[in-house]
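# Structural description and commentary
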Amino acid sequence: MSGAAVSAAVVTAAGEEVEGIQLLLPASYDLLWSSIVLVVIAVAFYKYVLPKFQAVLDERTSKIEGGLALAETAQAEAAAQLAEYQQLLADARSEAARIREDARAEGGQILAESRARAQEEAARIAETAQRQIDAERQQAAVSLRADVGTLATQLASKIVGESLEDEARRSRVVDRFLDDLEASTTTSAGKGN
């Protein structure tokens, strides 16, 4: 259908002929009843529907604000826990460093004590060895003196032609011989220097 056909159908339906702008404007009774229906619907909407919408929106707003508050609280708690964790971590690191330093110092002290004990033990062993060597030297000197005395007595008996079996005489001869021998050894050692 064309636009002219539509306007002809509208004109025929109303019974009167409408022209120009009047074609677009509704009749006054339509405006009145439409306004009344609009006011009734608006009042009902304003009185019943709008408060429900407002309650739902307020509830959503409060939930959103509560969620934001909870999120901010949780974020603040997380930041506090992070700071506490970082503090604990720093404390643990400083404690570990202190323990390491204490262990190093203690290890150095133990090492020094061990060295001191080892040196004392070495000195004691050396002293014991020196005493043992001196005792063995003295024992060897006594043994050597006795052997030399016996050999010297036998030799002197053969040279002199008489027996030197008398103990006192033999002792005097051996002591004199060894004293002369030590004196000659001491003088030769003094000349060598």
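Residues numbered from 1 in each chain as written. Predicted model: local features only at pLDDT ≥ 70, side-chain atom pairs only at ≥ 80, totals over all residues. Heavy atoms only, no water.

Bringing the overall build of the chain into the picture now. Across its full length, the chain holds three helices and zero strands. A total of 193 residues make up the chain; the buried ones form 4% of that total. For the chain, the exposed surface amounts to about 16,400 Å²; the carbon and sulfur share of it is 61%. (Helix = DSSP H or I, 4+ residues; strand = E, 2+ residues; numbered from the N terminus. Buried < 20%, exposed > 50% of the residue type's maximum accessible area, 1.4 Å probe, protein only. Areas by Shrake-Rupley, 256 points an atom, 1.4 Å probe, with all protein chains shown as cover.)

Looking now at the packing of aromatic side chains. Scanning all chains against the criterion turns up one aromatic pair. Between Phe45 and Phe53, the ring centres sit 6.2 Å apart and the planes meet at 65°, which makes this aromatic pair edge-to-face. (Phe/Tyr/Trp six-rings, centres within 6.5 Å; stacked < 30°, edge-to-face > 60°.)

Right, let's get into the pattern of salt bridges. Tallied over the full model, the rule gives seven salt bridges. Here Lys63 and Glu59 are joined by a salt bridge, their closest N and O atoms 3.4 Å apart. Of this pair, Lys63 and Glu59 both sit in helix 2 (residues 28-160), four residues apart, roughly one helical turn. Ionic pairing is found between Arg98 and Asp102, a salt bridge with its closest N-O pair at 2.8 Å. In this pair, Arg98 and Asp102 both sit in helix 2, four residues apart, roughly one turn of the helix. Look at Asp102 and you get partly exposed, because its relative accessible area is 39%. (Salt bridge = Lys/Arg side-chain N within 4 Å of Asp/Glu carboxyl O.)

Take the UniProt feature "transmembrane region" (unreviewed entry) in the chain next. UniProt tags residues 31-50 as "transmembrane region" (unreviewed entry). With 100% helix and 0% strand, residues 31-50 has end C-alpha atoms that lie 25 Å from one another. (UniProt positions renumbered as here; feature names shortened; annotations may be inferred.)

This part covers the confidence of the model for the chain. Scored by pLDDT, the chain comes out at a mean of 83, with 82% of its residues at no less than 70. Mean pLDDT per element in the chain: helix 1 (residues 3-14) is the minimum at 50, and helix 2 is the maximum at 89. (pLDDT = per-residue confidence, 0-100.)

On the surface, Phe45, Tyr46, Tyr48, Val49, Leu50 and Phe53 cluster together to form a nonpolar patch covering roughly 640 Å² of accessible area. Its place among the elements puts Leu50 in helix 2. (Patch = residues over 30% accessible without salt bridge, like charges linked within 9 Å, V, L, I, M, F, W, Y side chains within 5 Å.)

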